[in-house]
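Reading the structure
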Amino acid sequence: MMTTESTPVTRAADPPRLRPVVAIVERYLTLYRRLWQASVFSSFILPILFLVSIGIGVGGYVGSVEGVDYLSWIVPGVLVSTAFQICVGESTYPVLGDFKWVRAYHAMRAAPVSPKDIVHGHLIYMIFRVELAIAAFLLVVVFFDGLHSPWALATVPICALLTAAVVTPVAAFAASIESDSYFALLFRFVVIPATLFSGVFFPVEQLPAAIRPVAYASPVWHAVELSRAATLGRAPGWPILVHVGYLLLWAVVGLIAARRVFARRLED
Amino acid sequence: MADQSLIFARGLVKRFGDFTAVDGIDLDVAPGEAFGFLGPNGAGKSSTMRMIGCVSRPTAGQLRILGMDPVRDGTRIRARLGVCPQLDNLDPDLSVRENLTTYARYFGVSRAEARTRADELLEFVQLSDRANGKVEPLSGGMKRRLTIARAMVNDPDLVLLDEPTTGLDPQARHLVWERLFRLKQRGTTLVLTTHYMDEAEQLCDRLVVMDGGKIVAEGSPRSLIQNYSTAEVVELRFADGLDSNAQYAAKLDGIGERVDPLPDRVLLYADDGDEAVAEVHRRGLTPASVLVRRSTLEDVFLHLTGRTLVD
Ligand SMILES: Nc1ncnc2c1ncn2[C@@H]1O[C@H](COP(=O)(O)OP(=O)(O)O)[C@@H](O)[C@H]1O
Ligand SMILES: [Mg+2]
């Protein structure tokens, strides 16, 4: 029979701020270790099927776009939109669920973990998840001869930046609603347009001039532009700093919003 | 006194908008005590517990936990608390053991230590055979025990239990009580809320009776019964009860110390129940059923508030 006295727990007297964030990331990784199989299809197999069917199938009709074969042209698009889908998927239902049904965030909050730590831990885990998926994707794409420059490695930090730009505002949104029916609005009016009109499948110049600003406003387009420049080994149409700066802006504003909303919801 | 109190509150208030959930309460909980909040739903127990747990900011009043200020030192205080909330918030996709090891990490317990600790605690709450199983199929009582084990992963100085056995069947409740009793015997300071008077009587050295955000009485279960009730209570049910209980109460006037007509029965408070029953019969009254029992905290609550604890 156990006695609580037998193992006195050693605790750091004054915990460094990083420690709870690491613990949150560990919790997500433990969950992921149990549930990863479920995500293999959507975050790895599906993008590859997309690439094969659209890149090679549709590409046969399209021929070349902006001077490269269509497959090579859409590789960065599919890459970024995969990252985007993972970010949205993991920041909507799972976040609302951890507030509302699982109440895991309340459990964390009762421990010496702050709402900020929770937001940061979730973001770090998301970057890990996205990088894992895009690493697998890039590896496969090499065999399709879809990468044309060592700059393709730059997609790793680009996708990390996109993750920060997407996860934080979406998590803030998820933390601010009571019913999951709001997600339908998010998917219909934000996620689908952001996927369709962000230069993933065709250049935004094809869009009517009136719709083009939708693309420019979408963080997805900026990440696609940067990634396409990287995998094709050429300079993007706009200055790199503008793209990076715009993504950073989303990340910073999103982070501030997420910290606030998480804190408000956990403090009542 | 205040310096040694693990919980010290004066005029503690919690408002939600215009609504006052906790209405100026004073508390002193000493180390090693098992302290209870007894009150019906909506009394303000959980709101108080959440302020003590440093996850809800007091609206007004003074509050010190472990000698510290919950607003300024919340993180440091929570590091030394164990919390079993009213609503279970276990991770359903993690295994039973992972629920403990993951939680221990939030407190900065090392991985190796978290594993040892988890195994000891699972043993303690009698869930060792479920260690690698999922949380979902556990019964309500098992989940509750797991949540209690989780509250112990950091070897807390103060354990907060919000309605630890609400919704459990009698057998499961007794198992939980038995584990909590062991914690208490070890000198762990327990603070619990309940609307079960038997739970309060069994586990609490001292308790406050709460109603409408206020503390209406305070003391040990025994002293509360002594002060606010009689040693025994006679429950009388009349065949034509319901509407006529008030009239019967008038006829019973003067027997024992107090007569209390309820919708379904009349209560007679008397130190000698049998003597009171004899007097009822002498007055020519013929209740359909007569029950003489010892006084409980339920009677105390009824006397203080005019209402029953569980509706
Ligand atoms: N977050 C909240 N917002 C508004 N009202 C609340 C909130 N939490 C509790 N209350 C109200 O405060 C009162 C006391 O609730 P609570 O402390 O949960 O009581 P108990 O735990 O004794 O049942 C209830 O009337 C409840 O509806
Ligand atoms: Mg409650």
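These numbers were taken from a predicted model, which means no experiment stands behind them. Every chain is numbered on its own, with residues counted from 1 as its sequence reads. Here the convention is simple: chains get letters from A, ligands get numbers from 1, in the order in which they are written. Thresholds applied to this predicted model are a pLDDT of at least 70 for local features of residues and 80 or more for the giving and counting of side-chain atom pairs; totals over whole chains, interfaces and linings are not thresholded and use all residues. Side-chain measures were taken over the full set of non-hydrogen atoms in the model, leaving aside hydrogen atoms and water.

Here we take up the overall build of chain B. Regarding its fold elements, chain B presents 11 helices and 13 strands. The C-alpha extent of chain B, read off along each of the three principal axes, is 75 × 45 × 35 Å. The contact criterion used is simple: two residues touch if any of their non-hydrogen atoms lie within 4.5 Å. Counting contacts in chain B only where the partners sit at least 6 residues apart, residues at least 24 apart contribute 66% of the total. Using a 1.4 Å probe, accessible areas were evaluated by the Shrake-Rupley method; residue-level cover was limited to the displayed protein chains. For chain B, the exposed surface amounts to about 12,900 Å²; the carbon and sulfur share of it is 47%. Between the averaged position of the 39 positive side-chain charges in chain B and that of its 46 negative side-chain charges there is a distance of 7 Å. The helix and strand labels rest on DSSP assignments: H or I over at least four residues marks a helix, E over at least two residues marks a strand, and numbering proceeds from the N terminus. Working convention for charge: Lys and Arg count positive, Asp and Glu count negative, and His plus the chain ends are omitted. Note on charges: their place is set at NZ of Lys, CZ of Arg, CG of Asp or CD of Glu.

Attention now moves to the sheet that holds strand E4 (residues 60-65) of chain B. All names here are of chain B. A pair of strands is considered paired only if DSSP assigns at least 2 bridges between the two. Sheet architecture is open: 3 strands sit in the order E2-E1-E4, paired in antiparallel fashion. Only two strands of the sheet have a single neighbouring strand rather than two, namely strand E2 (19-29) and E4. Here the strands of the sheet are splayed against their neighbours by 25° on average, with no regard to which way each runs. Two elements, strand E1 (residues 7-16) and E2, share 8 bridges in a ladder whose sense is antiparallel. Looking at E2, one finds that Phe 16 is bridged to Phe 19. Fitted lines through C-alpha atoms serve as axes, helices being fitted only where they are in contact, and the angles separating the N-to-C directions of these axes extend from 0 to 180 degrees.

UniProt positions are given in the numbering used here, feature names are shortened, and annotations may be inferred rather than shown by experiment. Per the UniProt entry, the sites bearing "domain: ABC transmembrane type-2" (unreviewed entry) are residues 38-265 of chain A in this numbering. What you have in residues 38-265 of chain A is 76% helix and 2% strand, and the ends, taken at the C-alpha atoms, are 29 Å apart.

As a further point, take the UniProt feature "domain: ABC transporter" (unreviewed entry) in chain B. Look at the UniProt record and you will see "domain: ABC transporter" (unreviewed entry) annotated at residues 7-237 of chain B. The distance separating the terminal C-alpha atoms of residues 7-237 of chain B is 44 Å; by composition the span is 35% helix and 28% strand.

On to the pattern of salt bridges, then. We count a salt bridge whenever a side-chain nitrogen from Lys or Arg sits within 4 Å of a carboxyl oxygen from Asp or Glu. A complete count under the given rule lists 36 salt bridges over all chains for this structure. Across the pair Arg 27 of chain A and Asp 98 of chain A runs a salt bridge whose closest N-O atoms are separated by 3.0 Å. Placement of Arg 27 of chain A in helix H1 (residues 18-62) and of Asp 98 of chain A in helix H3 (residues 93-100) is noted, with a sequence separation of 71 residues between them. With respect to burial, Arg 27 of chain A and Asp 98 of chain A carry one shared label: buried. Here Asp 23 of chain B ties to Lys 214 of chain B by a salt bridge, and the two come within 2.7 Å at their closest N and O atoms. With Asp 23 of chain B in strand E2 and Lys 214 of chain B in strand E9 (residues 214-219), the pair connects residues that are 191 residues apart, well separated along the chain. Accessibility expressed as a relative area gives 30% for Asp 23 of chain B, which makes it partly exposed. Residues joined by salt bridges that share partners form a network here, namely Glu 235, Arg 237, Asp 264, Arg 265, Arg 293 and Asp 299 of chain B. Exposure classes here rest on a 1.4 Å probe applied to the protein chains alone. A residue is buried below 20% of its type maximum, exposed above 50%, and partly exposed in between.

This next bit is on the pairing of strand E6 (residues 158-162) of chain B. The side chains of a regular strand alternate between the sheet's two faces. Residue and element names in this part refer to chain B. Of all 5 residues in E6, 5 are buried; the element is thus mostly enclosed. Sheet topology note: the strand E5 (residues 81-84)/E6 ladder contains 4 bridges and is parallel. Opposite Gly 82, over in E6, you have Val 159 as the bridge partner. Taken together, the 5 bridges between E6 and strand E7 (residues 189-194) define a ladder with parallel strand orientation.

Contacts between the two partners involve 38 residues from chain A and, on the opposite side, 46 residues from chain B. Note on definitions: buried area is the accessible-area loss of two parts on being combined, 1.4 Å probe, summed for both. Of the roughly 3,800 Å² buried at the junction of chain A and chain B (both faces included), carbon and sulfur atoms supply 52%. The interface formed by chain A and chain B includes 6 salt bridges. With its nearest N and O atoms 2.7 Å apart, the salt bridge here joins Glu 98 of chain B to Arg 34 of chain A. Distance and chemistry together define a polar contact, namely a pair of N or O atoms within 3.5 Å, with one atom able to donate a hydrogen and the other to accept it when in protein, and with adjacent residues in sequence counting only for side-chain atoms on both sides. Taken together, the links from chain A to chain B amount to 8 residue pairs in polar contact (both at pLDDT 80 or more). Every element with two or more residues in the side of chain A that touches chain B is listed here: H1 and helix H4 (104-110) of chain A. With 11 residues, H1 of chain A is the largest single contributor of residues to the side of chain A that touches chain B. By residue class, the composition of the side of chain A that touches chain B is 18 nonpolar, 7 polar and 13 charged. Throughout, the ten residues Ala, Val, Leu, Ile, Met, Phe, Trp, Tyr, Cys and Pro are labelled nonpolar, Asp, Glu, Lys and Arg are labelled charged, and all others, Gly among them, are labelled polar.

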